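Tertiary structure, described
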Amino acid sequence: YVFDLDGVIINSEPIHYHCYKKAFEKCIDYKLEWNEYCQIHHSIDTTFGLKFPLDHEAIYSMKNKLYKDEIINITLIEGFQDLFNLLIKNGKRICIVTDATYETFNIISEKYRFLKKSNIIITRDNTQKRKPDSECYLNLLSKLPSDIENNDVIVFEDSYKGWTAASRVIYNCILVNNKE
């Protein structure tokens, strides 16, 4: 069982948006709306860096600073810890594949220590390319024991960008999302 971190395990999307919104306001006096944030941040075709090339470095730096201040307020997706514990109880392998840095994952796993029971953790620090590139999932497949077949793996992603990265190399991918 493979889980993305943001939006699948933790309810961080509203905090990411809030931090981006504040960074845009501070850096370039721009009002970033929720739908625009989702269209850019979860797109397979564009990024904030492509949409705002001249200001991206300052915006991203400010966003990360704000996010580090807010990370302590992140909550789990309701029911995830119960599912995780049930999978562990039944001897299932659990993997996390995230675009978050290892530093961010460590902060979150200090708050939610059960995440440290994951068998394999792939962070942004383990790859050269970010989702929607499939490098992170190829990296995961190379670390799985040889007796695990691709069709035995199931991935849970919350964004189209993440689902695209996973579904290019893994057969069973579930998009976990809602209208918000």
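As a reminder, the structure under discussion sits directly above these lines.
Anyway, here's the lowdown on the structure attached to this text. If you're wondering where the values come from, they're calculated on a predicted model, not measured in any experiment.

1. What to know about the environment of Lys131
Here Lys131 lies in the loop between strand S3 (120–122) and helix H7 (135–143). Placed 32 residues apart in sequence, Lys131 and Asp99 show a C-alpha to C-alpha distance of 7.0 Å. The contacts of Lys131, once residues within four sequence positions are left out, are Asp4, Val97, Thr98, Asp99, Cys136, Tyr137, Glu157, Lys161, Gly162 and Ala165. For Lys131, the side chain forms a polar contact with the main-chain oxygen of Val97, separated by 3.2 Å.

2. Describing the side chain of Ser134
Turning to its location among the elements, Ser134 is positioned in the loop between S3 and H7. Among the residues examined, Ser134 registers a relative accessible area of 8% and is labelled buried. When neighbours within four sequence positions are excluded, Ser134 is seen to be in contact with Thr164, Ala165, Arg168 and Val169.

3. Structural notes on the nonpolar core
Of all hydrophobic cores here, the largest spans 35 residues; its most connected members are Phe3, Leu5, Ile9, Tyr20, Phe48 and Leu115. At the level of elements, helix H1 (13–28), helix H2 (34–41), helix H4 (56–70), helix H5 (80–89) and helix H6 (102–111) are the ones that each hand at least two residues to this core. Of the residues forming this core, the biggest block, 6 residues, is contributed by H1. Those residues in contact with Ile9 that sit more than four places away from it in its chain are Phe3, Asp4, Leu76, Ile77, Phe80, Ile96 and Leu115. The next biggest cluster of nonpolar side chains, apart from the first, holds 16 residues, and it includes Cys95, Ile122, Ala165 and Cys173.

4. Description of H4
In this model H4 runs 21 Å from its N-terminal to its C-terminal C-alpha over 15 residues, within 8% of the 21 Å that 1.5 Å per residue would give. For H4, the complete set of buried residues consists of Ile59, Tyr60, Lys63, Leu66 and Tyr67. Angularly, the buried residues of H4 cover 130° about the axis, an arc narrow enough to put them on a single face. For H4, the exposed residues set more than 90 degrees away from the buried face come down to Glu57, Lys65 and Asp69. Structurally, H4 contributes buried residues whose contacts are with H1 and H6.

5. Concerning the pairing of strand S5 (residues 172–175)
Taken together, the 4 bridges between strand S4 (residues 154–157) and S5 define a ladder with parallel strand orientation. Bridge assignment links Val155 to a residue of S5, and that residue is Cys173.

6. Re the packing of H1 against H2
For the pair H1 and H2, the least separation of the axes is 11 Å and the interaxial angle reads 105°. One finds that H1 runs roughly perpendicular with respect to H2. Contacts from Glu13, His16, Tyr17 and Tyr20 of H1 reach H2 at Trp34, Tyr37 and His41.

7. Digging into the pairing of S4
Looking at chain direction, strand S1 (residues 2–3) and S4 are connected through 2 bridges and run parallel. Across the sheet, Val2 pairs through a bridge with Val155, a residue of S4. Remark: the S4/helix H8 (residues 160–167)/S5 crossover connection has right-handed handedness.

8. Describing the state of the cysteines
Tallied over the full model, the rule gives 0 disulfides. Between Cys173, a cysteine without a disulfide, and Cys136, which holds the nearest cysteine sulfur, the sulfur-to-sulfur distance is 11 Å. On the basis of relative accessibility, which here comes to 18%, the residue Cys173 falls in the buried class.

What counts, and at which threshold
Residues numbered from 1 in each chain as written. Predicted model: local features only at pLDDT ≥ 70, side-chain atom pairs only at ≥ 80, totals over all residues. Heavy atoms only, no water. Helix = DSSP H or I, 4+ residues; strand = E, 2+ residues; numbered from the N terminus. Contact = heavy atoms within 4.5 Å. Polar contact = N/O pair within 3.5 Å; in protein donor to acceptor, adjacent residues only side chain to side chain. Buried < 20%, exposed > 50% of the residue type's maximum accessible area, 1.4 Å probe, protein only. Core = buried A, V, L, I, M, F, W, Y, C linked by side-chain atoms within 4.5 Å. Expected span 1.5 Å × (residues − 1). Arc of directions from axis to C-beta. Pairing = 2+ DSSP bridges. Axes fitted to C-alpha atoms, helices over the stretch in contact; angles between N-to-C directions. Parallel < 35°, antiparallel > 145°, perpendicular 65-115°, else oblique. Right-handed = clockwise from strand over helix to strand, strands pointing away. Disulfide = S-S within 2.5 Å.

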